[in-house]
Amino acid sequence: MQRVFIASGISEARLVQQMLEAAGVSVRLFNDHAAGGLGELPATETWPEVWVERQHQLAYAHSLIRDYEHASDETVDCKGCTESNPVTFEICWNCQEPLPVVN
Ligand SMILES: [Zn+2]
């Protein structure tokens, strides 16, 4: 397995996880329960991490994440739960509600 993304928070980690899984990439989340257990660890140790399980999907995962990072300034708000989603998403990462189409 290889780490492909360090998220600034659990919602971003979940978002990237969902994006990759929607594209058929098998991923694992680590440190996804970090919020309550910071303790003595440096903050960076507890940031959620997204890891790709299969080596051959690594390059694909990297390119999806690059796209995500470029598109992340543009978001669309879900009508179901009001979470913001990247414009590239077709359904809400949080509640699976279909998102408005933005062109
Ligand atoms: Zn939603």
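What you see is a predicted model, and the numbers here were worked out from it, not measured in a lab.

Calculation criteria
- Residues numbered from 1 in each chain as written.
- Predicted model: local features only at pLDDT ≥ 70, side-chain atom pairs only at ≥ 80, totals over all residues.
- Heavy atoms only, no water.
- Helix = DSSP H or I, 4+ residues; strand = E, 2+ residues; numbered from the N terminus.
- Buried < 20%, exposed > 50% of the residue type's maximum accessible area, 1.4 Å probe, protein only.
- Core = buried A, V, L, I, M, F, W, Y, C linked by side-chain atoms within 4.5 Å.
- Domains from an automatic or database assignment.
- Contact = heavy atoms within 4.5 Å.
- pLDDT = per-residue confidence, 0-100.

## Considering unusual backbone geometry
- Positive phi, close to 70°, is recorded for T82, a residue that is not glycine.
- Note that T82 resides in the loop between β4 (75–77) and β5 (84–86).
- Its relative accessible area of 62% is what places T82 among the exposed residues.
- Phi at Q96 takes a positive value of approximately 65°, unusual for a residue other than glycine.
- As for its position among the elements, Q96 is in the segment after β5.

## So, the nonpolar core
- One finds V4, F5, V16, M19, L20 and V50 to be the most contacted residues of the largest nonpolar core, which totals 24 residues.
- Of all the secondary-structure elements, those providing two or more residues to this core are β1 (2–6), α1 (10–22), β2 (27–30), β3 (49–52) and α2 (58–71).
- Here this core spans two domains, and each of domain 1 (2–72) and domain 2 (74–103) adds at least three residues to it.
- When neighbours within four sequence positions are excluded, V16 is seen to be in contact with F5, V50, I65 and Y68.

## Concerning the confidence of the model for the protein chain
- Here the protein chain averages 85 in pLDDT, while 83% of its residues score no lower than 70.
- The least confident element of the protein chain is β5, whose mean pLDDT is 85; the most confident is β3, at 96.

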